[in-house]
Every structure is written in C-alpha cells, then in structure tokens.
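Now for the letters of each chain:
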Amino acid sequence: MYYSKVVMECKKSCERVHDWIKMYSWLLISGTLFGTAVFSLQISQGLVNSYDGIWNNSVYFADYWERSIGRWFWPYLDKLRFGTVSVPLNSILTLILAAIASAFLVDLFQVKKKGYSFLVCALFTASPLMGNSLSYGYMSPTFGMAYLLAVLSMFCAIKVSRTVPAILAGIVFLAFSMGCYQSYFGAACIVALIWMINKLFQDVNWKEFGNTLIRIGGTLLGGGLLYKILLDITLKIYQMDLSDYRGANEISITNIILNLPREIKLTYGDFYRYFFTDFTQNTAWIRKIYLVLFVVCAVWLLYKLIKVVRMNIVKALLAGFFILCVPIACNATLIITVQEGSYLLMAGGMTLFLPLLLCIMERSKDGKALILVNAVLMCAVLWVNICIVNNDQVALQEGRSSTYTLARSIADRVQDEGWAPDGQTEVLLVGRPSENPFFKQTNAWKRANDYAAFGRWWVDPGNNRKSWQGVFDQCGIQLLMLNDYERNMEVLNGEKIKEMECFPSKTSISVINDIVVVKVSEGYVF
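**Q** Any chance you could explain the overall build of the chain here in plain terms?
**A** Along the backbone of the chain there are 24 helices and 3 strands. For 526 residues, the compact-globule estimate of 2.2 N^0.38 gives 24 Å, and the C-alpha radius of gyration of the chain, at 25 Å, lies within 12% of that figure. The dimensions of the chain, computed from C-alpha atoms along their principal axes, are 80 × 55 × 45 Å. Here the chain holds 526 residues, and the buried ones make up 56% of them. Contacts spanning at least 24 positions in sequence make up 80% of the contacts within the chain whose residues lie at least 6 apart. For the chain, the accessible area works out to roughly 23500 Å², and carbon and sulfur atoms hold 62% of it. Across the chain, the 47 positively charged side chains and the 39 negatively charged ones have centroids separated by 15 Å.

Right, dumping it as structure tokens:
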C-alpha cells in the first residue's frame, strides 16, 4: 500500500514537471537563443577577462581556494563538467540556467503575456552582470547555478503547498546557492520582498500572508544556517580555515549587529550608485532612462499605495515599509559581510529588481497607461544594455589582440637576443600591457566596463604574474615566470628597474639578481 502511494506521488510529480516544461519550453528556448545571439562574439571568440578568466584557461577544478572563501559547492559543479574550460560550452550552460530561473520567476508571479515574460528573461540575460559572469569562462556555470538555486529557494518557499516541505526545500536550495556564490542571497531576498509587496497590493488573506512570511523568513534564516553548517563541515574535512578574502573570516552574528548601521547605509548608497552613477560604464543614456523609469515606477507605486490606504491603512504602511527596504534586500549580502561596497558580480539583486517590478506591473489592472510607458522604457533599457555588453565584447577582443601582440613581441625579443636560451631562466614582467606605449587603447576599450578592459589588470606581483602567465599560455609560449614574492619585491624596490625604459626600448630588458626582467610599463606600483 505504501509502495503504491510512493509510485503514484512520483508519477504525479513527473506529470507536473512535464506540464511545466511544456508550458515554459518556449521561454527556455527563446531566452537561451536570445542570450546566445547577444553574446555571440564572446562565445564564438572564447573571450574572457584578464583577471581570473585568463588565469584559468585550460582544465580547472575548484579546490582549496574556493572552499576557503566559502564556496564549498562549486568544486562539485566542476566535477560534473570534468573540469572543462570551454567558453562556448560554459556560456551556453549559464544562459540555459538563467532562462530556467526566469521561467520560475514568471511562474511565481503568474505573468500571463508572453511579451512581458520574454522581457523579464531578456533584461537579466542581456545585462552587464551576465557579460561579466560569462567573462569568467572557467566558472560561469557556477554563477548561473547560484542564480537558479536562489530563485528556486523562494519559489519553493512560496509555491509548495505544505509549509514544512516548502521551508525545507527552500533552505536546501538557498544553502547550495550560497555554496556556489554568496552574493545571490540578495537575489533571493528581492524576489521575496517584491512578492510580498505584490500581495499587499491585492486582497490579502492575513492568515495566508502570515504563513508565507514565516516560510520566507524560515527559508532565509535556515538557508543561511545550513550554509554555515555545511561550510564548517567542509572546512573540518579538508582541515582548513576561512580566507580573509573580502572579510570572509570575519563573518559572525556579533560583527553583523555591530556593523548593521554602516552596512544598511551602504546598501542604499550602492543602490543609488548602480542606477544613477557610473557603476556600469559605456554610456550616460542608461542613467537617463533609469531616471525617467524610476519616476514612472514611483508614480505607479504611489498610485497603488493611495488605493490601498483607502482599503486598509495597515496594508499601506506595510507595503510602504517594504518598498523602502528594496535597496536593503537587493544588497543583502552587504549586511552579512564586512565590505566597503558592491562590485558588478555582486549586483544580482539590483539587476533583478527591474524585471521583478515588471512582473507585478503586468498583473495589475491599475494605471495601465503608466504600465505601458514602463514597458516601453524597459525595452529601452534592454536595448541600451545590449549595446553596452556588445561594446564590452568588442573591447575584450581588441584588448586581447593588443595584449597578445605585445606578449609575442616580448617573447620573440627574449628568445632572439638569448636572454633565456635554455627555457629555464626565470623571467619577470614588470607592469601591465594597457600602460605600454604600444598598447592600442581603442574607443570601445576606453568605454568598457572594468572587466572588459583586457590588459588593464591588477599589478601586485602575484596577480600580475598570473595574468601574464595566462596570456603566454594562450599564445602557446613557454616562459618560466618568476614565482617568488620576496625576490619580485626586491626587483620592484630596487634602483635598476627605475633606470630601465619601457618595452620595446633597448634598455627595457635586463638581468637583475639572475632574473630576466622586462619592463613593460611604469604602472607597476600597487
């Protein structure tokens, strides 16, 4: 009898999954194809950034470092792909995961019109955040999985019929999302907050609303707790400690409470910075469109609040409070960690805000003219973002071309003049390509977001070496790069390096302390 019930439940679950796929297959396919078209240059040319993207350009398995910064689930995802570092494969996998996440959002908010559903998917897919994520070719599916699992955590918490299974499923998905990349915790928070705002704009069953609040709260708290437990178990198994990278080893309840006022202020500052300053580069048009868009959205939200006030003042006050909490939800990761602000890869919550706002406006019967204007402005945002990410792809290609040309010239000179005849002589490149006088800084490169300005990488000894090593690896050139911090610093702090001129000058290459030193640029002070 029990066996028959299990079989029946499994059969029903399979049917529900089949029906869901059938209903949203069009969005999964169109969303993936759209993303592939938008990032076609990046995918076809295998373009990556000149930070971690160029460092890890062959087979890669996440291991000690990733676990030490709290991303304990990441290594298992790499094992599923056998460590394959293929920009086309990993990019398409990431776009598929993003399309699936969008389908779950459309289902959660019951968006009916296909045009709006596609726009919700496209706004996230064609964002600078996605371009930045794909530029980390060796790990981009990890970002995609973190996003999908964060969305699934709130989908389960809200949609699953029974409370306990809903919370448990949400907790597991959220913990594993944070185990991929912690910053998508903010994406889960903003999904929950926008859903609650939407509910308060409708006829509320307070008992059901309270139950959903418990589910969401339980999922967020439980997910964070399970993440911490699994992280501690991982650290114990591998006998390691958390790194101090971006304050990972300083996370504690005490620090969160003590830094709460400062971090809350940061969330609002970063929200403003993302939408109204040069958080993303390339064009001032996007900021002008955002300004008009926010005015239209504010008018619509105010109109909705006035209507709610006439019905129930408590609902209106609660909705107003939740609206004011939007920046906090978007940047919830800042509340947990001790950081000075967000960077583009942490902007998942802020990138998701406008698509979610579109979801609740599509379902509304109030202020249809404003909703239409909003949709048009969202289309404008999409178009400008498509232009931004394509400029970034052009910049990646042009910067890579200049950097590779410079690298080949350096290698030819070192080999032709006999500086490293046996291939065993240690070589140190001082400075980065972007500041060399022969590096071509094109208009696209100058306008690009930081991740896309290939060749303008970190100049500290460790990161500078890894970026140069990655470049030479991609050029098919074997050079023995100096990997000794103290000896590197002796060269940088010495007088001889100051007397040398930049490559390709005759005095740009010299032997210092048995190291072949090539001075690429003056920008080596960090």
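Having put the structure on the table, let's press on.
**Q** Could you clarify how one ought to interpret the packing of aromatic side chains in this entry?
**A** To describe a pair of aromatic rings, you give the distance between the ring centres and the angle between the ring planes. Overall, the coordinates contain 35 aromatic pairs when judged by the stated rule. Look at phenylalanine 275 and phenylalanine 353: their rings are 6.3 Å apart centre to centre, the planes differ by 70°, and that puts the pair in the edge-to-face class. Of the two residues, phenylalanine 275 sits in helix H14 (residues 260–276) while phenylalanine 353 sits in helix H19 (residues 348–362), which places them 78 residues apart along the sequence. By relative accessible area, which is 7% here, phenylalanine 353 ends up buried.

**Q** When you look at the sheet that holds strand S1 (residues 427–430) in this model, what are you seeing that I'm missing?
**A** Strand pairing in a sheet takes place through backbone hydrogen bonds and is either antiparallel or parallel in direction. The 3 strands are arranged S1-S3-S2 in an open sheet whose pairing can be described as mixed. What marks the edges here is a single partner per strand, and that holds for S1 and strand S2 (509–512). Averaged over all neighbouring strand pairs, the angle between strand axes comes to 30°, with direction disregarded. Inspection of the sheet shows S1 paired to strand S3 (residues 515–519) by 4 bridges, in the parallel sense. Paired with leucine 428 across the two strands is valine 517, which belongs to S3.

**Q** Please clarify how the pattern of salt bridges should be interpreted in this entry.
**A** Two side chains carrying opposite charge are able to pair once their charged atoms lie near each other. Counting across every chain of the model gives 12 salt bridges. A salt bridge links glutamate 495 to lysine 498; the nearest nitrogen and oxygen atoms lie 3.6 Å apart. A residue is classified by how much of its surface remains accessible, and glutamate 495, at 52% relative accessible area, is exposed. Ionic pairing is found between glutamate 522 and lysine 519, a salt bridge with its closest N-O pair at 3.1 Å. Given a relative accessible area of 48%, glutamate 522 falls into the partly exposed group. Classification of lysine 519 as buried rests on a relative accessible area of 0%.

Thresholds, definitions, all that
Residues numbered from 1 in each chain as written. Predicted model: local features only at pLDDT ≥ 70, side-chain atom pairs only at ≥ 80, totals over all residues. Heavy atoms only, no water. Helix = DSSP H or I, 4+ residues; strand = E, 2+ residues; numbered from the N terminus. Rg over C-alpha atoms; globule rule 2.2 N^0.38 Å. Buried < 20%, exposed > 50% of the residue type's maximum accessible area, 1.4 Å probe, protein only. Contact = heavy atoms within 4.5 Å. Areas by Shrake-Rupley, 256 points an atom, 1.4 Å probe, with all protein chains shown as cover. Lys, Arg positive; Asp, Glu negative; His and termini not counted. Charge placed at Lys NZ, Arg CZ, Asp CG, Glu CD. Phe/Tyr/Trp six-rings, centres within 6.5 Å; stacked < 30°, edge-to-face > 60°. Pairing = 2+ DSSP bridges. Axes fitted to C-alpha atoms, helices over the stretch in contact; angles between N-to-C directions. Salt bridge = Lys/Arg side-chain N within 4 Å of Asp/Glu carboxyl O.

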